Every structure is written in C-alpha cells, then in structure tokens.
Amino acid sequence: MAQGSSQPLPHRVAVIVDEATNPFEVGVATELFGLPRPELGLPEPLYEVVLCAPTRAVRMNHGFFTMTGTAGLDAVDGADTLVVPGRPDNVVPRGADVLDAIRRAHARGARLLSFCTGSFALAEAGLLDGRRATTHWMWTEAFRELHPRVRLEPDVLFVDEGDILTAAGSAAALDLGLHVLRRDHGAEIANAVSRRLVFAAHRDGGQRQFVERPVPEVPDESLGPLLAWAQERLGEPLTVADLAARAAVSPATLHRRFRTQLGTTPLAWLTGERVALACRLIERGEERLDVVAARSGLGTAANLRARLRRETGLSPSAYRRRFGPRAGEPLVS
C-alpha cells in the first residue's frame with residue numbers, strides 16, 4: 001500500500017508447511033484464501049496468503065514431493081490468520097521453532113485455524129487446554145492420551161472458539177474455510193466461492209464427521225431433488241412432514257436418510273438454509289426484519305434475531321453494518 005493511502009491492507013493469511021505436512025490441506029488453504037476472485041467484481045483480493053516453513057525445503061507427506069520457495073517462519077509474525085495443516089505422524093513432537101511461531105501468533109491476537117490433525121500442533125503449543133476442539137476421528141484416542149486437558153469433540157466437522165478454530169478432517173477443512181469466509185465477508189461471498197469449488201455452501205460445524213453410507217444403495221433415495229425443491233420454497237411454511245410427503249416416505253425414514261446422507265436432521269438442515277437465505281437478504285439491502293423473516297421462512301423478527309445470533313454471533317443490525325451494502329451502492333433485488 002502506498003504511504004498515506006487510506007486503502008486497508010488485505011487480511012494476511014500465513015500457512016505453516018512443516019515436515020510431512022499433508023498437501024491437500026495446504027491446497028485447501030491456498031484455494032480458499034489465496035486465489036483471485038474476479039467473478040466477484042471486487043477491487044482487491046479478499047486475503048493475502050503466504051506459505052512459510054522452518055526450512056528452505058520441506059518434504060511433504062510420504063515424500064510425494066519437496067516444497068521449496070516458501071517464506072521463513074518469521075512471516076507468521078505479520079499474519080492476521082495462521083493456518084496449521086495436519087500431518088500423519090501426530091505423536092512425533094513438532095519442532096520448537098514451529099511451536100514458538102504458533103504461540104507468538106496467538107499471543108499477539110492472530111486467529112488460528114487447524115485443518116485435520118493440525119489441532120495436535122495447537123494442543124502441543126498449549127493453546128487448547130480447557131477449550132473445545134476437534135480432530136480427525138481416527139486420531140481421537142491418541143489425541144486424548146496426549147492432550148487430556150483439551151475438551152475434544154470427536155464427532156463434529158469443526159469447532160469455532162472465536163480466536164481458535166479446528167477442523168476435523170481434510171474435507172472438513174473446506175467446511176471450516178467457508179465458515180471463515182462467511183464470518184469475514186458474509187454469506188454471498190462464501191456462497192460464490194463454494195459455487196466455484198462445486199462444494200456444499202454450508203454444512204454446520206455440529207454435523208457428524210462421517211456417514212455410514214456415503215453413496216446411497218438405491219439411487220432414487222438421493223436427497224438432491226428434495227433439497228432443490230425445498231430451497232425454492234424456504235419462505236413457505238415447510239415442515240419436516242411436508243418434506244417427507246414430498247419424498248413419499250415417512251418422517252422417520254426421511255430422518256434416517258438425512259442422517260445417513262447429510263449427517264444432520266431435516267429440521268436442522270431446513271433451519272440452516274433459512275438462516276443462510278436471511279443473511280443473503282440482509283446483505284442485498286433488505287432492512288425490514290419482518291420481511292426478511294417472512295421471506296426466509298423464519299416467521300418472526302424475534303426468531304430471526306435468535307437464529308442469526310446463534311449462527312453468526314451477530315444481531316441483524318450488526319450483520320447489516322458488517323456485510324450490508326455500503327452507502328451509495330445499488331440494492332440487489
């Protein structure tokens with residue numbers, strides 16, 4: 001930024017690439033935070049990303065390749081958000097220089113994200129004691145043995161503790177990253193990025209890490225057509241019974257299918273979709289809470305306030321100030 005300019009610096013994200021780091025999670029971080037988004041029509045990038053490592057050359061997981069050209073760990077000291085990907089050798093202690101860099105970032109108020117087993121590093125740095133966190137389900141017992149003071153939640157996609165956020169697995173890193181995008185830039189931006197990724201725009205962090213049948217045994221049991229039908233009618237008084245009737249199954253059967261295919265309940269999914277729609281309406285300039293509540297299917301302004309605060313931590317007015325149109329911008333219908 002030129003001296004004297006009032007243009008704010010982009011939010012800087014540092015990604016630690018340690019010995020044997022999983023390449024996928026590094027890719028998730030760069031895909032979510034590092035790529036330009038010309039389709040959004042924004043004058044500046046959303047984030048500035050830097051990869052940093054304790055050595056000039058880092059051997060990645062299973063020796064598939066060696067990464068070079070990264071910055072040193074001193075780059076962590078200029079980051080607003082620090083991402084710590086996972087690695088398979090979680091019982092092997094991290095290097096003291098990596099742990100010190102993580103502690104320094106936390107001490108000066110940077111936001112910390114761990115992907116998959118990156119939570120081991122945060123716990124080893126002593127930053128998760130007494131706090132909620134998650135990790136990959138295959139490593140829960142090892143995590144508990146090594147870090148008994150952490151309040152581990154083993155059956156969720158991610159945990160948001162405000163300044164420290166932990167994702168359960170590699171795919172859950174995408175869920176957490178989109179959650180961070182929603183928190184930083186609103187639902188419209190997060191939805192646009194998810195469409196670019198061809199990935200679900202919103203899976204609540206409390207959903208289960210894995211399902212018993214990732215692919216339905218009977219293709220006709222796919223929930224896709226039902227979800228699309230419901231998303232077009234969120235403003236209507238839809239109930240779980242209505243969804244079951246549309247799918248021509250009993251509510252109990254529908255509940256089992258949602259649990260199996262989506263890891264959540266029909267009611268929780270429906271509520272999440274309505275909150276996401278309410279966020280988009282506010283971002284597009286609708287100021288009348290009763291209208292937002294009615295169009296999103298949340299019913300009343302009081303219910304809208306409660307649901308929005310639960311999902312985003314913000315009241316409708318605070319959400320509007322943060323993500324709504326700026327003065328002079330045209331409203332979007």
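As the structure is a prediction and not an experimental result, all values here were calculated from the model. (Residues numbered from 1 in each chain as written. Predicted model: local features only at pLDDT ≥ 70, side-chain atom pairs only at ≥ 80, totals over all residues. Heavy atoms only, no water.)

1. As for the environment of P251
By the element assignment, P251 lies in helix α9 (residues 251–261). In this structure P251 comes out as partly exposed when scored by relative accessible area, which is 44%. It is 6.8 Å that separates the C-alpha atoms of P251 and V240, two residues lying 11 residues apart in sequence. (Helix = DSSP H or I, 4+ residues; strand = E, 2+ residues; numbered from the N terminus. Buried < 20%, exposed > 50% of the residue type's maximum accessible area, 1.4 Å probe, protein only.)

2. Regarding the sheet that holds strand β6 (residues 111–114)
The strand order across the open sheet built from 6 strands is β2-β1-β5-β6-β10-β9, with neighbouring strands paired in mixed fashion. Each end of this open sheet is capped by a strand with a single partner; those strands are β2 (47–52) and β9 (158–160). The average undirected angle you get between the axes of adjacent strands in this sheet is 15°. Relative to strand β10 (residues 164–167), β9 is paired through 3 bridges, and the arrangement is antiparallel. By the bridge assignment for β10, V159 is matched with T166. (Pairing = 2+ DSSP bridges. Axes fitted to C-alpha atoms, helices over the stretch in contact; angles between N-to-C directions.)

3. A few points about unusual backbone geometry
Even without being glycine, H62 reaches a positive phi, approximately 60°. The residue H62 is located in the loop between β3 (57–59) and β4 (66–68) in this model. Given a relative accessible area of 62%, H62 falls into the exposed group. Residue C116 is not a glycine yet carries a positive backbone phi of 55°. One can find C116 in the loop between β6 and α3 (119–124). On the basis of relative accessibility, which here comes to 6%, the residue C116 falls in the buried class.

4. Quick look at the pairing of β10
In β10, alternate side chains face the same way, and those of I164 and T166 on one face and L165 and A167 on the other are all buried. By the bridge criterion, 3 bridges tie β6 to β10 in an arrangement that is parallel. Within the sheet, the bridge partner assigned to L113 lies in β10 and is L165. If you look at the hairpin formed by β9 and β10, you'll find 3 residues sitting between the two strands, and G162 has a positive phi there, around 90°.

5. Thoughts on the nonpolar core
Residues L226, L254, F258, L304 and Y319 are the most contacted members of the largest nonpolar core, which totals 32 residues. Elements represented by at least two residues in this core include exactly α7 (224–231), α8 (240–247), α9, α10 (266–283), α11 (289–296), α12 (301–312) and α13 (316–323). The element contributing the most residues to this core is α10, with 8 residues. When residues no more than four places from it in sequence are discounted, the contact partners of L226 are L243, R246, A247, L254 and F258. In terms of nonpolar packing, the next biggest core, distinct from the first, is built from 29 residues, V76, L128, A133 and L152 among them. (Core = buried A, V, L, I, M, F, W, Y, C linked by side-chain atoms within 4.5 Å. Contact = heavy atoms within 4.5 Å.)

The values are spatial; any link to function lies outside them.
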